[in-house]
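# Observations on chain architecture
Listed below are the residues making up each chain.
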Amino acid sequence: ARALTPQTAETDAIRFLVGTQSLRYDNQIHIIDFDDENNIINKNVLLHQVGEIWHISTSPADKGVLATCYNKTSDSKVMTCAAVWRMPKELESGSHESPDDSSSNTQTLELLCHLDNTAHGNMACVMWEPMGDGKKIISLADNNILLWDLQESSAKAVLSSSAALEGKGQLKFTSGRWSPHHNCTQIATANDTTVRGWDTRSMRQIYCIENAHGQLVRDLDFNPNKQYYLASCGDDCKVKFWDTRNVTEAVKTLEEHSHWVWNVRYNHSHDQLILTGSSDSRVILSNMVSISSEPFGHMVDDDELSDQEDQHQEEK
């Protein structure tokens, strides 16, 4: 598996979707439910019969809908395509079977629509409008940004606008992130060593951080509470934090990893917590108090502490 996403539209359960990458067999999406009261993980399996899954994302509004980017071979060429799917109704609400017997009841995803990329190239990722009704999607295909409208219960995707990277050489997007701020009108993309901001209304570039990293930029994430703050990570082993109003230099740089940093994510409740994953085989949780929305770093509400604990906390 290389593709993993939380199911954010599911507010009652703790649920993740994981996509598999098998060359020989049908691929699958595993619905992982974590029952935190009993400390048990439950799994349901859905068949994804069209190819290895490279990226997976879920609708922010409909917990039964997801999108995948997957490899497809046609005319002895491998293309990465994207599609929107619906999971069977009974799996939307999750189930609490024991993990062992889940293999016997595999079901298949229902295809809602393809995001047609024949003219645009290989799909790198699909991003849903974070606060939206699940009808707006952006996909990155080679050097194109494509904005789609999902119509009539997501059975059709219409390309509403697009933009392309101009320049020399083989320009390709590696990843992107839709900002939850500014009424969801901004996205950030990574290509090569550059991070760019785009306005989704005009599809024009609004900022550009050239040489954001010394090597390829792998991932981006917006601070959920501070609207101009963006984190990036890459093959120079660094994680950098940017204020998009002034992109001449990073606000802060983390150098904890010793190999490529593949992922960076903010904690949605406490934005001082940053999680990074790297091919140095480590996952690191960092506490970036100074650039968070709580610069004094209180992880515990003060009024929850008794006086005795209070002194203890100050000593710490």
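Rules of the game
- Residues numbered from 1 in each chain as written.
- Predicted model: local features only at pLDDT ≥ 70, side-chain atom pairs only at ≥ 80, totals over all residues.
- Heavy atoms only, no water.
- Phe/Tyr/Trp six-rings, centres within 6.5 Å; stacked < 30°, edge-to-face > 60°.
- Helix = DSSP H or I, 4+ residues; strand = E, 2+ residues; numbered from the N terminus.
- Buried < 20%, exposed > 50% of the residue type's maximum accessible area, 1.4 Å probe, protein only.
- Pairing = 2+ DSSP bridges.

Moving on, we come to the packing of aromatic side chains. A full pass over the atoms with the stated rule returns 3 aromatic pairs. For the pair Phe-173 and Trp-198, a centre-to-centre distance of 6.5 Å together with 75° between the ring planes defines the contact as edge-to-face. Of the two residues, Phe-173 is situated in strand β14 (residues 173-178) and Trp-198 in strand β16 (residues 194-199); the sequence distance between them amounts to 25 residues. Since its relative accessible area comes to 5%, Phe-173 is described here as buried. Ring geometry for Phe-241 versus Tyr-266: centroids 6.4 Å apart, planes at 70°, classification edge-to-face.

Right, let's talk about the pairing of strand β20 (residues 239-243) for a bit. Most of β20 sits inside the fold, with 5 of its 5 residues counted as buried. Residues Val-239, Phe-241 and Asp-243 point to one face of β20 and Lys-240 and Trp-242 to the other, with burial holding for every one of them. Here strand β19 (residues 229-234) pairs with β20 via 5 bridges, running antiparallel. Across the sheet, the residue bridging to Ser-232 is Lys-240, located in β20. In this structure, the hairpin formed by β19 and β20 is closed by a connection of 4 residues, where Cys-237 is found at a positive phi of approximately 70°. Across 3 bridges, the pairing between β20 and strand β21 (residues 252-254) is antiparallel. If you follow Phe-241 over to β21, its bridge partner there is Lys-252.

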